[in-house]
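Residue-level structure breakdown
These are the residues of each chain, in order.
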Amino acid sequence: MTALARTWDHLTLPGKALFILIPLLALLTTGLIVVIALFGKQILDILIFNLPIVRFVFAATVLLLLAPPIAFVIIYMEMKIIALMNLRIGPDRVGPWGTLLSTIHGLKVLMKEDFTPTRADPVVFTWAPVVVFATMALSVLVIPFAPGLFAQDFNLALLYFFAIGGLTVVGLLMGGWASFNKYSLLGGLRSAAQIVSYEIPLTLSVVGLVILAGTMSLNHIVQQQGVYVDATGSHGSGWFLDWYVFRQPLAFLIFAIAATAEANRTPFDLTEADSEIVAGFATEYSGMRFGFFFFAEYIGVFIISALTTVLFLGGWNAPFPFPRISWLVDPGSLGIGLLFVVALVPLLGTLLLAAPFYLFRSQTRWWVALIIGFVLFNVVAGGLFGLWAYINFDWVAGLFWFLGKTFTLVFVFVWMRGTLPRVRIDQLMGFAWKWLLPASLLNLFVTALGVLVADALRGGPA
Amino acid sequence: MTTPTPTASEHRSTDDPRITLDEGVGVFEPIPPYPPRTEREAEFYTLGDGEMFINMGPQHPSTHGVLRVVLKLDGEKVVDLDPVLGYLHRGVEKLCENADYHQTISQVDPLEYISSLFCEWAPVTAYEKLLDVEVPRRAEYIRVLSGELNRISSHALFMGWFALDLGGLTPILWSFIERDEIVEMLAALTGQRMLFNYFRIGGVNGDLNHEFLSRLGDWMSRAVGQVEANTKLLNENEIFVRRASGLGVVDQETAIRLCMTGANLRATGIPFDLRRTHPYSIYPELEFDIPTRSEGDSLARYLLRMEEVKQSLRIIDQCLDKMPDGPIMAKLPRLLRPRPGRAWAAVEGPRGVYGAYAISDGTDQPFRLKIHDPSFIHLQAVGALLPGNLLADTMAIMASLDPVMGGVDK
Amino acid sequence: MDRAFKRRLEGRFAERLTGPVRQRHDETEIRIAAADVTDTLRTLHDDPAFGFEFLSDLAGVDTGTYMQVVYHLWSDTTSDWLRVIADGLSREDPRVPSVTFLWKGAEWMEREAYDMFGITFEGNRDLRRIYMPPDYTSFPLRKDFYLADDSARSPGAGVRHMERVHDPRNSTPGNTLRRARA
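Residues numbered from 1 in each chain as written. Chains lettered and ligands numbered in written order. Predicted model: local features only at pLDDT ≥ 70, side-chain atom pairs only at ≥ 80, totals over all residues. Heavy atoms only, no water.

1. Overview of the state of the cysteines
Residue and element names in this part refer to chain B.
- As enumerated under the stated definition, the model contains zero disulfides over all chains in all.
- With no disulfide of its own, Cys119 lies closest to Cys96 among cysteine sulfurs, the gap being 10 Å.
- What makes Cys119 buried here is its relative accessible area of 4%.
- Not part of a disulfide, Cys259 finds its nearest cysteine sulfur in Cys119, a span of 19 Å.
- Given a relative accessible area of 6%, Cys259 falls into the buried group. (Disulfide = S-S within 2.5 Å. Buried < 20%, exposed > 50% of the residue type's maximum accessible area, 1.4 Å probe, protein only.)

Rendered as structure tokens:
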């Protein structure tokens, strides 16, 4: 007992934690194994019976976990791209080319003091960032990333998206009101006015598209923008002229502008105009609560870009029909040869790629050449594997095109931030009500008329 | 003494123990904790229906230094404002009374840290008038050359600030490239990047050197292109133009009544530039125009300053062309004792008229040195221009008038 | 130096001048009594023969025995700066009419002169301290003000400073740690 006590005394804090955790984990694992062994079939039955719920919970968890990395990527993009536009260097210290800086920012935010002002309403103050972050994260649920790679698909997905997206304003208002700060209040009210005003053109601009598509399911909208071949069970793409942006150009323009305002991005970032109202609704926030606002903003940028991609830019469809190659090598057909392939190919590849560096440059040490060869082999193998996956799996190809388009749009958002000044609140509201709303109504009527005329010409209603 | 100083009994000081945090919500209002001293203060600190105070500064991202403005708002509309100064007050005039004539030059330097040379120029000229010194022509040319460089760097910074206050991130960093080149070459000439301490009574501190001239020649070869590239970013920007035009309009009559000078006055159409209207130094020998605009709004002030940059480049070209040989300092004793008298000198700086009123009592220290700084006057004009505009325009109007808080709080 | 301007001034303000019109370099200087400030400046501003529309500076001066308020004016009718000195203000109760009715921009300059010299500008709507704190009780640019005299009455008096007095003997790391733990 004394030995144990002395050991305990000599342990550091992480050591003490591990000292407790490891036996606990071992116990839990054992218990879990026993439970699965005894009741595995019943548990599986229950899970399969409630498959939609299980799928939803799983997807929601995955998306919540994915949200911070997406935000980190976009924050890094913003830091680096704006720095390059400003002729600065930007982040270059943490990680290669500073890529880890946004992650470090996220960790820093976690460690900062979580401060509540004296007269703030503590409950509302605490829940405001949660509401904002949750609405943003919930919006991701309906977005189809790739064929078969989506959390939920139902016929009201678009409506759901706008409804949940509109809830963001509640969180911003809560934060602005509860902070007991006039800058926060002004920021919250500005965001309420702005988001409520821009919801209308945003939603109306899409109605024309919905008329054309005949559905509000985002999956179906995406499928309509490419040639969708279901007979062979595989998805193929058509040309990019099938995208809705060419059938609804005005709607795309309105949607892009209104979406910028919805995401509170420059030139419509009045809610957090730092030269006017300090940081708007987030003035009094610090620590992780501010971090939630921050993440929510960048996830907002992502989902707005993703929705634009889905609605107008063909979603996960490739912009051109690429020839389908059936080149699926079944690893099982190699038999025992697989073992040799797995054992020898990396070794031989590394040596092969290292050889030129060692042979043709006398200064290179053999181990340096080996490291170079190993890295190169990984790059080549990764590339080949990616190519193989792209060709053979629809979802890989879809994800590639979807993320490519989405992050191009994110880049456009960042580009605008680097270039444009901020509009004034009266100009902002005037633009929404005097220009965007009439334009979206016009687009709606023209589309409806076009559909009617086309149906009449074709003979009989749709 | 019967001056209307409120006595201690009717004052409630800020460290009065009777004022506690529990006194109510009023503690959080920017209302001063003592009875109003003037009718204007009483009127300002009385809220009308639906109005509220908002305290902008001294810790605000865009107050151009340490300025505090109490705004009275009706929604987002500014009804009235009360700038509260003094956060940067250093008592430079008092310090100058206790320093000898040479030392005062380094005292007045940090007043206007964006364009320090003009802060030196006015008192130095006033002292030269007191001493009846003839400044060598080469020194005058060097003064004009370095002064115009400083004017360009100040205007470059103005462009960036103005855009930043309108929400544009990029222009300030672009303009800092230009400013940094100028500041580096002035550092080669004067030894300092910001507070140059370069002008001396009767001349300048050092002659032109090789590094300065090579940097200058290098920069001059691409200056016009650089200036145009920078301004193109804003001049053709629809959002910027729409926000700045018609903002903070001031007409000629009001501008004169507000004692405005410099580009802010010329933006209303009055060609008042001391370099032409009251020539000093060697400006009569140089060819340049006084650009004016008639709109009198923020955009006009911005465009006018950008136009002035081009004129300054012309002046620099001519200065280098005509630079005479000769001494750079007049012959003066080490210890200056001007005979008793008074002198006023004013120079045209990037922000307006910088003036100095020096009184000598025959000793080696100035009896009184009054510095006139245009930032002080232009910040006051915000009170006349802002009411009726939106909160977002507070900083835009303030930036377009281009005050520097170091000069405002002497 | 504009000699004709001097003659014009003497002809117009002969009865008001309390001293000779002086000229040196590009400056012309007149002295008037404090009571005449309003009329004189109004005439200089409104009369097209003078046309002094620009008030370039307003300064207070403490000569040690009496106070002055100095106005610097600019006009395109003459090549000189005009300096108007309102002379002979008593140090006990310096009072001078405000010129804000002509130049609204003089308001802050008068506030500054009030703050620094205690000169009361009658008619200025907002004559309060501009640089010094509102409960400050003396006037720093007066000649009888010494830098230390006001500290006892300033709001900082009696406030315990947050910094500790720096003593190199006590500033070893061990001492700092011990002090922090105590």
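More follows now that the structure is in view.
2. Some words on the side chain of Glu178 of chain B
Residues and elements named next belong to chain B.
- Mapped onto the elements, Glu178 comes out in helix H6 (residues 170-190).
- No salt bridge forms around the buried Glu178; measuring N to O, its nearest opposite-charge neighbour Arg222 is 9.6 Å away.
- Within the structure, Glu178 has its side chain in polar contact with the side chain of Asn230 (distance 2.9 Å).
- Those residues in contact with Glu178 that sit more than four places away from it in its chain are Ile152, Ala156, Trp219, Gln226, Val227 and Asn230. (Helix = DSSP H or I, 4+ residues; strand = E, 2+ residues; numbered from the N terminus. Lys, Arg positive; Asp, Glu negative; His and termini not counted. Salt bridge = Lys/Arg side-chain N within 4 Å of Asp/Glu carboxyl O. Polar contact = N/O pair within 3.5 Å; in protein donor to acceptor, adjacent residues only side chain to side chain. Contact = heavy atoms within 4.5 Å.)

3. With respect to the confidence of the model for chain B
Residues and elements named next belong to chain B.
- Scored by pLDDT, chain B comes out at a mean of 85, with 92% of its residues at no less than 70.
- The least confident element of chain B, judged by mean pLDDT, is helix H1 (residues 39-44) at 84; the most confident is strand S7 (residues 353-360) at 92.
- Residue range residues 1-16 is modelled with pLDDT below 50. Its contacts to residues more than four positions away, or to other chains, number 31 contacts.
- Segment residues 18-27 is flagged for pLDDT under 50; beyond a separation of four residues in sequence, or across chains, it makes 12 contacts in the model. (pLDDT = per-residue confidence, 0-100.)

4. Re the domain arrangement of chain B
Residues and elements named next belong to chain B.
- Looking at chain B, the domain boundaries give domain 1 (28-84) and domain 2 (92-408).
- Taken over C-alpha atoms, the centre of domain 1 sits 31 Å from the centre of domain 2.
- If you look at the interface, domain 1 gives 17 residues, while domain 2 gives 18 residues.
- Surface buried jointly by domain 1 and domain 2 totals about 1500 Å² across both partners, of which 73% is contributed by carbon and sulfur atoms.
- Three residues, His64, Val78 and Leu81, lead the burial of domain 1 against domain 2; their summed loss comes to 42% of the area buried on that side.
- Linking domain 1 with domain 2 are zero salt bridges.
- At the surface where domain 1 touches domain 2, the tally comes to three residue pairs in polar contact (both at pLDDT 80 or more).
- Residue assignment for the side of domain 1 that touches domain 2 shows that the elements contributing at least two residues are strand S2 (68-74) and strand S3 (77-84).
- Here the residues of the side of domain 1 that touches domain 2 sort into nine nonpolar, five polar and three charged. (Domains from an automatic or database assignment. Buried area = accessible area lost by both parts, 1.4 Å probe. Nonpolar A, V, L, I, M, F, W, Y, C, P; charged D, E, K, R; others polar.)

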